[in-house]
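Geometric and topological summary
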Amino acid sequence: MRKMRKYRLWCEDGGSKDVEAPNLAAAVERLKRWVRGRDWGDEGARVWGEVTRLRGGRLIEDETATVTVEIEPDHTALMRRAGAPPDCDHEWSSEGGGGCTENPGVWGGKGMVIFHSAHCIHCGLQRVVQTTDSQRNRYEHDTVKYRMPSSGELAEMRAEGMVEPPDAE
Ligand SMILES: [Zn+2]
């Protein structure tokens, strides 16, 4: 049996926890799981955590590691909140949503931000994913937004062939 060591975990939301692990690499894996399991809401996030070895109740400064963990958005919860029909088997298309012709649905924003837009061809639900340059914005993360078009917008999208007519099935 391997000898267990003590490590203290910290995370961006102010939480901390002491765990036992055989070595720093194993403690880092514990850290990632613990950070991922905390409550980050539905939007997703990029969060940091830190682990430092504890020996005799003292922190060992040179046995420490930091990690950045990507928390995936809860797409189902976000779509439901946007008012999307729960029974739609969403199928995404970037056609007709703006952007340049070689790369429909993609356009640049301020600085290093890029937007990818798409809509569901069945119900018209709109999705915009905003990507940032993670090298520059270390603690920023990709965000996703869902929006249900108004009935007028939906009629327009149907007229343009972006969305199927309501009696398609
Ligand atoms: Zn849909």
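Before going into details, it helps to say that this report is about the structure given with it. (Residues numbered from 1 in each chain as written. Predicted model: local features only at pLDDT ≥ 70, side-chain atom pairs only at ≥ 80, totals over all residues.)

1. Describing the overall build of the protein
Assigned secondary structure in the protein consists of three helices and 11 strands. Counting helices and strands in the order they occur from the N terminus, the protein gives β-β-α-β-β-α-β-β-β-β-β-β-β-α. Within the protein, residue pairs in contact and separated by at least 24 positions form 48% of the contacts whose partners lie at least 6 positions apart. (Helix = DSSP H or I, 4+ residues; strand = E, 2+ residues; numbered from the N terminus. Contact = placed C-beta atoms within 7 Å.)

2. Remarks on the sheet that holds strand S2 (residues 16-21)
Spatially, the four strands line up as an open sheet ordered S2-S1-S3-S4, and their pairing is antiparallel. The strands lining the two open edges of the sheet, one partner per strand, are S2 and strand S4 (58-71). Along the sheet, successive strands turn relative to each other by an average axial angle of 25°, direction set aside. Contacts from helix H1 (residues 24-36) reach strand S1 (5-11), S2, strand S3 (45-55) and S4, with the element oriented near 45° to S4. (Pairing = 2+ DSSP bridges. Axes fitted to C-alpha atoms, helices over the stretch in contact; angles between N-to-C directions.)

3. Considering H1
Between its first and last C-alpha atoms H1 spans 18 Å; for 13 residues at 1.5 Å apiece the expected length is 18 Å, and the two agree. Along H1, the positions that sit buried rather than exposed are Ala27, Leu31 and Val35. Projection of H1 onto a plane perpendicular to its axis shows the buried side chains occupying an angular sector of 70°, all on one side. Structural note: H1 exposes Ala25 and Arg33 on the side pointing more than 90 degrees away from its buried face. Looking at the buried positions of H1, the neighbouring elements they touch are S1, S2, S3 and S4. (Expected span 1.5 Å × (residues − 1). Buried ≥ 20, exposed ≤ 12 C-beta atoms within 10 Å, placed from the backbone. Arc of directions from axis to C-beta.)

4. Quick word on the pairing of S3
Put simply, side chains in a regular strand alternate between the two faces of the sheet. Relative to S3, S1 is paired through six bridges, and the arrangement is antiparallel. When the bridges of S3 are listed, Leu9 appears paired with Val51. Across 11 bridges, S3 lies against S4 in antiparallel orientation. Following the sheet pairing, Trp48 is matched in S4 by Thr68. Here S3 hands over to S4 after two residues, with Gly56 in that stretch at a positive phi of 60°.

5. Some remarks on the nonpolar core
The biggest cluster of nonpolar side chains holds eight residues, and these are Tyr7, Leu9, Cys11, Ala21, Ala27, Leu31, Val35 and Val51. Those elements that provide at least two residues to this core are S1 and H1. Apart from residues lying up to four places away in sequence, Cys11 is in contact with Val35, Arg38, Val47 and Gly49. (Core = buried A, V, L, I, M, F, W, Y, C linked by C-beta atoms within 7 Å.)

6. What to know about the environment of Ala45
One can find Ala45 in strand S3. Take Ala45: there are 18 C-beta atoms within 10 Å of it, and that puts it in the partly exposed class. Sequence spacing of Ala45 and Pro73 is 28 residues, and the spatial spacing of their C-alpha atoms is 7.5 Å.

7. Some points on the pairing of strand S9 (residues 114-120)
Both strand S5 (residues 92-93) and S9 contribute to a ladder of two bridges, which runs antiparallel. Looking across to S9, one finds that Trp92 is bridged to Cys120. Pairing of S9 with strand S10 (residues 126-131), which is carried by six bridges, proceeds in the antiparallel orientation. Residue His116 lies in a different strand from S10, and its bridge partner there is Val129.

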